[in-house]
Amino acid sequence: MEPTRRRSWRLDLLFYGVSLAFAAGNAIFSEFYGYRVWGNFATAGYLIAFVLTVLQAVSRTPPTIRSRWLPVGVAGLLAGVVPLLVLVFVRNPAFVWGRWPWSFPSQPEVWVVERSARLLLDLGTPYPDLGRLGRPPVPDDYTPYGPAMTIFGLPRALFGDSPFTDARVAFAVATVLLIALALKLMGWPRVPVLAAQLAAVSPLTLLTTAVAGDDIPVVALIVLAAALAFRAGPVGGPATSGLAIALVINMKLTALPALAVLAVALLAARGRRALLIFFGTVIITSAVLVLPVLLVDPAAFVEHVILYPAGLGEAGSPAASPLPGHLIAQLGPVGHAASLALLAAAACAITVWLVVRPPRDPADVVLRTAAGLGMAIILAPATRWGYLVYPLAMTGVMLAFSVTTSAATRKEGTRTAAGPTDGDQDVTHDDYPDAHNRPIASPDTRGIQA
């Protein structure tokens, strides 16, 4: 086995082995029914992917199972598509699951988004007045999302209970379409297998898709905004990038670091005018989305969208995963202050990185956003481990985008060495209009390709 193939084989074994352990742990130990359903199917999927990877190391393996994409497809099917379909089809109001939450077939995020859509149609705002509950509010009474997230609950609000109107289906379909659009804008790069593993078939991505789903379109819109920012022509540019990022920050405030990274990138690459267009689009789009619901009930909007996620609402957030920031904060007032200090130091470090070396391409934007979100998730006093899907998936996207970036850089270098030609222009992704002309992987990424 050649060295690059051996290295890829070891990475695959590590990925599927860790994924298998994670899935089996959820199947056996999780208290939530949806997690256990996912864990059972995912254990089978990752086990088969692991076995296929072992077989691929055999020199006489049949060609039908030699591709590294085969385990990726098996994992995606059995750990993603199948458990999602099972959980949305058994989600029937007439079916009795038992005591909540151990037997609930979806996480609260799903029906909270669906409830917000019904409230928007009935009351003009997705945010209920908690003062009318007649009792102290609990976390599930809140809608801690921006108004744009409501769109994913509209199918169920408009067409009634059905497996196909489950918000998770809307989340998944939207994500696939958004990522496909981003890849098209990038010239359909040859996606490395490792990129697909991290972004599409990692346990965090597929578990989130099956039981909740609300984070995956957020990741997809950030990726699309990065691709649009560096795209020339009527489809791309600061205006369309601003539109995409405005939609995503009005879905979840978690995406705010992406706004800062894109602003620095556009300023460095296209100048002040592009930055003004970008921010103008963000402000106008946000006003269109927020003002109608804000005018209906300003107090409810502030309580749900701002105070509750910040830990200042009437009910406390249940986010308390044992990540470093939370563990440090549990040591008392000094620990909480230390956690905030570490978070501030990380923010300063990311800011310096952005200023000293501004992002120059979509891969760079995604990488900086992944780093910022990753540090915030790890060091925040209160957070969820499931949010690690953001940096993990974005790292995979960065690897995929880097293929096109490296190829475009090499092509530009070749043109420069050969001297100017008639009509020679800066290399853009439009240089690769179809699959026959798209770039191959750069030398440093071929080792992780099928």
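Residues numbered from 1 in each chain as written. Predicted model: local features only at pLDDT ≥ 70, side-chain atom pairs only at ≥ 80, totals over all residues. Heavy atoms only, no water.

Here we come to the overall build of the protein. Helices and strands together make up the secondary structure of the protein, namely 17 helices and zero strands. Residues counted as buried form 49% of the 450 residues belonging to the protein. Put simply, of all contacts in the protein between residues at least 6 apart along the chain, 73% involve residues at least 24 apart. Carbon and sulfur atoms make up 69% of the accessible area of the protein, which amounts to about 20,900 Å² in all. (Helix = DSSP H or I, 4+ residues; strand = E, 2+ residues; numbered from the N terminus. Buried < 20%, exposed > 50% of the residue type's maximum accessible area, 1.4 Å probe, protein only. Contact = heavy atoms within 4.5 Å. Areas by Shrake-Rupley, 256 points an atom, 1.4 Å probe, with all protein chains shown as cover.)

For the rest of this paragraph, the subject is the packing of helix α1 (residues 3–29) against helix α2 (residues 33–56). Running from N to C, α1 and α2 cross one another at 160 degrees; their axes reach a closest spacing of 8 Å. With respect to α2, the element α1 is oriented roughly antiparallel. By crossing handedness, the relation of α1 to α2 is classed as left-handed. (Axes fitted to C-alpha atoms, helices over the stretch in contact; angles between N-to-C directions. Parallel < 35°, antiparallel > 145°, perpendicular 65-115°, else oblique. Left-handed = near helix turned anticlockwise from the far one by under 90°.)

It is worth spelling out the pattern of salt bridges at this point. Counted according to the given criterion, the structure contains nine salt bridges. Between Arg156 and Glu114 there is a salt bridge, with the nearest N and O atoms lying 3.6 Å from each other. Here Arg156 is found in helix α5 (residues 154–159), whereas its partner Glu114 is found in helix α4 (residues 108–123), with 42 residues between them in sequence. This pair shows no difference in class: Arg156 is buried, exactly as Glu114 is. The partner of Asp129 in a salt bridge is Arg132, with the nearest N and O atoms 3.6 Å apart. On the accessibility criterion, Arg132 (74% relative accessible area) is exposed. Here the residues in one salt-bridge network are Glu114, Arg156 and Asp161, joined through shared partners. (Salt bridge = Lys/Arg side-chain N within 4 Å of Asp/Glu carboxyl O.)

Glancing now at a nonpolar patch on the surface. Where nonpolar side chains cluster on the molecular surface, the patch consists of Leu77, Val81, Leu85, Phe89 and Phe164 and spans about 500 Å² of accessible area. Topologically, Leu85 is positioned in helix α3 (residues 69–89). (Patch = residues over 30% accessible without salt bridge, like charges linked within 9 Å, V, L, I, M, F, W, Y side chains within 5 Å.)

All right, on to the confidence of the model for the protein then. This prediction gives the protein a mean pLDDT of 85; 86% of its residues lie at or above 70. Ignoring residues within four places in sequence, the model shows residues 412–450, a span with pLDDT below 50, making 61 contacts including any to other chains. (pLDDT = per-residue confidence, 0-100.)

Next up on the list: unusual backbone geometry. One non-glycine residue with positive phi stands out, namely Trp188, at about 50 degrees. The class of Trp188 is partly exposed, set by a relative accessible area of 39%.

So, about the packing of helix α10 (residues 238–249) against helix α12 (residues 272–296). When two helices pack together, their arrangement is given by the angle between their axes and by how far apart the axes lie. α12 packs onto α10 with a crossing angle of 40 degrees between their chain directions and a minimal axis gap of 8 Å. Judged by the angle between their axes, α10 and α12 are oblique. For the pair α10 and α12, the crossing hand works out as right-handed. Note on element contacts: α12 touches α10 through Ala274, Ile277, Phe278, Thr281, Val282, Thr285, Ser286 and Leu289, opposite Pro238, Ala239, Ser241, Gly242, Leu243, Ile245, Ala246, Leu247 and Ile249. Looking at the contact of α10 with α12 residue by residue, the class counts come to twelve nonpolar, five polar and no charged. (Nonpolar A, V, L, I, M, F, W, Y, C, P; charged D, E, K, R; others polar.)

What follows covers the nonpolar core. Ranked by size, the top nonpolar core spans 67 residues in total, and within it Ile245 and Phe401 carry the most contacts. The element best represented in this core is helix α9 (residues 216–229), accounting for 13 residues. Counting 22 residues, the second-largest nonpolar core is a separate cluster that includes Phe15, Leu87, Val193 and Leu206. (Core = buried A, V, L, I, M, F, W, Y, C linked by side-chain atoms within 4.5 Å.)

Counted according to the given criterion, the structure contains ten aromatic pairs. Among the aromatic residues, those joined into a cluster by ring pairs are Phe22, Trp38 and Trp385. (Phe/Tyr/Trp six-rings, centres within 6.5 Å; stacked < 30°, edge-to-face > 60°.)

Here we come to the layout of surface pockets. Approximately 890 Å³ is the volume found for the second largest pocket. Taken together, 38 residues form the lining of the second largest pocket, with Thr175, Val176, Ile179, Ala199 and Ala200 sitting closest to its centre. Where the lining of the second largest pocket is concerned, the elements lending two or more residues are α3, α6 (167–185), α7 (193–199), α8 (203–211), α9 and α17 (389–418). Here the residues of the lining of the second largest pocket sort into 31 nonpolar, seven polar and no charged. (1 Å grid on protein atoms, 1.4 Å probe; cavity = no way out; pocket = protein on both sides within 12 Å on 5 of 7 lines; lining within 4 Å. Points joined across faces, edges and corners; volume = space filled by probe spheres on them.)

What follows deals with the environment of Leu291. Within the fold, Leu291 resides in helix α12. The exposure class assigned to Leu291 is partly exposed, which follows from its relative accessible area of 42%. Along the primary structure Leu291 and Pro147 are separated by 144 residues, whereas in three dimensions their C-alpha atoms are 9.8 Å apart.

Buried residues dominate α8, accounting for nine of its nine residues. Of all the positions in α8, only Pro203, Leu204, Thr205, Leu206, Leu207, Thr208, Thr209, Ala210 and Val211 are classed as buried. At the C-terminal side of α8, Gly213 shows a positive phi close to 95 degrees.

Our next topic: the side chain of Arg368. Of note, Arg368 is situated in helix α16 (residues 362–379). Among all residues touching Arg368, those that are not within four sequence positions of it are Val261, Trp353, Leu354, Arg357, Pro358 and Pro359.

Here Tyr33 is to be found in helix α2. The class of Tyr33 is partly exposed, set by a relative accessible area of 24%. As for Tyr33 and Pro105, which are separated by 72 residues in sequence, their C-alpha atoms are 6.1 Å apart.

Next up on the list: the environment of Pro217. Looking at where Pro217 falls in the secondary structure, it is placed in helix α9. A sequence separation of 44 residues divides Pro217 from Val173, and the C-alpha atoms of the two residues are 8.9 Å apart. If sequence neighbours within four positions are ignored, Pro217 has contacts with Phe152, Phe171, Thr175, Leu178 and Met251.

To continue, consider helix α11 (residues 256–270). Taking 1.5 Å per residue, 15 residues should reach 21 Å; α11 reaches 21 Å between its end C-alpha atoms and fits that length. On its buried face, α11 is in contact with α9, α10, α12, α15 (333–356) and α16. Taken from the residues just after α11, Gly271 is the one with a positive phi, measuring 95 degrees. (Expected span 1.5 Å × (residues − 1).)

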